[in-house]
Amino acid sequence: TGAFLIYYGRLDLEVEQDRIVNDLSDTDCLFPVEPLETVKTTAFHKFFRKQTGKLDQDMNRVLGFTEVDWIPDKFASSAVSRWQAEALYREYYDKFQPDLAMINCGGIRKAIPAGEIKVRDMQEMLPFTNYITAFSCYGKDLQPFIEHNLKLMQTKEHDIVQTHNLSWQMDTNEDSIRVSDIRVGGDPVQPEKLYRIVAHDYLTGQADKYLLFKPLD
């Protein structure tokens, strides 16, 4: 149940003559697992409780604090998506010297209310094993990317990309989505200049879907 068997569940089957006879299309065949009221104390049980106690202690460690609710939105920029993109940019700036950072908003899997942020919150918000990647693109690649991303906000064909250190102006046109005055770090984009981007391999591996350009370097 769940990716990497993170969760466990129970499925009740009715079997007659080596055949499953109950209707598995009915969700009522699935039941939550309820803890036993009495558990026989064994060496393994003692070991299990000791290990889970350590894990709970680590997972409940407070990492920080947010003054606003972090509510993800697959199809719009949000406080949590902006924070993640900026955090990615800052964390890997010394290593890659990126000009901008990108994340896909669909990868944010938990809302965190204003208040303390624990290790458990971060693990549940980003429950993946992605790798950080750095790549380049030409300045002329950024306009079609931005316009594609803005279109996705309307069509909701799939989740959008949140960027950091990239800005633009919307052109007034009811018939199409056009942007101008594209800037990276406040400076106007130069069409033939290479810009360095930090992201993760899920986004980079689906560049045709998210970016509309082939990552370089």
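Look up: the structure comes first, before these words.
Sequence positions are assigned chain by chain, starting from 1 and proceeding in written order. Restriction of local features to residues with pLDDT of at least 70 applies here, the model being predicted, together with a cutoff of 80 or more for giving and counting side-chain atom pairs; totals for whole chains, interfaces and linings are based on all residues. The side-chain quantities take in all heavy atoms of the structure and omit both hydrogens and water.

J.: Would you explain the pattern of salt bridges in this entry?
T.: Two side chains that carry opposite charge are able to pair once their charged atoms sit near each other. Think of a salt bridge as a Lys or Arg side-chain nitrogen and an Asp or Glu carboxyl oxygen that are within 4 Å of each other. Taken as a whole, this structure holds seven salt bridges when the rule is applied. Two residues, Arg-90 and Glu-86, come together in a salt bridge whose shortest N-O distance is 2.8 Å. Taken as a pair, Arg-90 and Glu-86 lie in helix α2 (residues 79-91) at a separation of four residues, close to a single helical turn. Burial classification: accessible surface area is computed with a 1.4 Å probe over protein chains only, and a residue below 20% of its type maximum counts as buried, one above 50% as exposed, and the rest as partly exposed. Residue classification places Arg-90 among the exposed positions, given a relative accessible area of 59%. Through salt bridges with shared partners, a single network forms among Lys-110, Asp-121 and Glu-124. Think of it this way: any DSSP run of H or I at least four residues long counts as a helix, any run of E at least two long counts as a strand, and we number them from the N terminus.

J.: Sorry if this is basic, but what is going on with the sheet that holds strand β9 (residues 161-164) here?
T.: To summarise the sheet geometry, strands pair through backbone hydrogen bonds and adopt either a parallel or an antiparallel arrangement. With mixed pairing, the four strands of this open sheet are ordered in space as β8-β13-β6-β9. One side of each edge strand has no neighbouring strand; the edge strands of this open sheet are β8 (132-138) and β9. Shown here is a sheet whose adjacent strand axes are inclined to one another by a mean of 30 degrees, direction ignored. Contacts are assigned to residue pairs with any non-hydrogen atoms lying within 4.5 Å of each other. Whenever a helix is involved, its axis is fitted only over the stretch in contact; in every case the axis is a line through C-alpha atoms, and angles between N-to-C directions fall within 0 to 180 degrees. Seen against the sheet, α2 touches β6 (100-104), β8, β9 and β13 (194-200) and runs at an angle of roughly 135 degrees to β6. With respect to the sheet, helix α5 (residues 142-155) is in contact with β6, β8 and β9, its orientation differing from that of β9 by roughly 130 degrees. The pairing criterion for strands is at least two bridges between them, as found by DSSP.

J.: Help me understand the packing of aromatic side chains in this model?
T.: Pairs of aromatic rings are described using the distance from one ring centre to the other and the angle between the two planes. Each aromatic pair joins two rings of Phe, Tyr and Trp (for Trp, the six-membered one) with centres within 6.5 Å, and gets the label stacked for planes under 30 degrees apart, edge-to-face for over 60, and tilted for any other angle. Under the criterion given, the structure shown has six aromatic pairs. For the ring pair Trp-70 and Trp-83, a centre distance of 4.7 Å and an interplane angle of 35 degrees mean the geometry is tilted. Taken as a pair, Trp-70 in the loop between β5 (62-66) and α2 and Trp-83 in helix α2 lie far apart in primary sequence, 13 residues in all. For Trp-70, a relative accessible area of 5% gives the class buried. Taking the relative accessible area as the measure of exposure, Trp-83 reaches 35% and is therefore partly exposed. Between Tyr-89 and Tyr-93 the ring centres are 5.5 Å apart and the planes differ by 55 degrees, which places this aromatic pair in the tilted class. Lysine and arginine charges are scored as sitting over a ring when NZ or CZ, respectively, is within 6 Å of the ring centre and within 35 degrees of the ring normal. The ring of Tyr-138 has Lys-140 lying over it, and the distance from NZ or CZ to the ring centre is 5.4 Å.

J.: What's the story with unusual backbone geometry in this structure? I'm lost.
T.: With glycine set apart, most residues show a phi of negative sign, and most peptide bonds adopt trans. With phi around 65 degrees, Asp-18 is a residue other than glycine that occupies positive phi space. As for its position among the elements, Asp-18 is in the loop between β2 (15-16) and β3 (19-20). Not every positive phi belongs to a glycine, and Gln-97 is a case in point at roughly 45 degrees. Examined against the element boundaries, Gln-97 turns out to sit in the loop between α3 (93-96) and β6. The exposure class assigned to Gln-97 is partly exposed, which follows from its relative accessible area of 44%.

J.: What exactly am I supposed to notice about the side chain of Asp-121 here?
T.: Summarising the element assignment, Asp-121 is placed in helix α4 (residues 119-125). Counting of polar contacts relies on pairs of N or O atoms within 3.5 Å, with two restrictions inside protein: one atom must be capable of donating a hydrogen and the other of accepting it, and residues adjacent in sequence are counted only when both atoms are side-chain atoms. Within the local environment of Asp-121, its side chain forms a polar contact with the side chain of Lys-110, the two groups lying 2.8 Å apart. Aside from chain neighbours lying at most four places away, what touches Asp-121 is Lys-110, Ile-112 and Glu-116.

J.: Can you walk me through the pairing of β6 in this structure?
T.: Within β6, five of the five residues are buried, which leaves the element mostly enclosed by the surrounding structure. Side-chain alternation along β6 places Leu-100, Met-102 and Asn-104 on one buried face and Ala-101 and Ile-103 on a second face that is also buried. Bridge count between β6 and β13: two bridges; the pairing is parallel. If you follow Ala-101 over to β13, its bridge partner there is Val-198. Note that β6 and β9 share four bridges and pair antiparallel. Bridged to Met-102 within β9 is Thr-163.

Interpretation note: all reported values are geometric properties and have no functional meaning in isolation.
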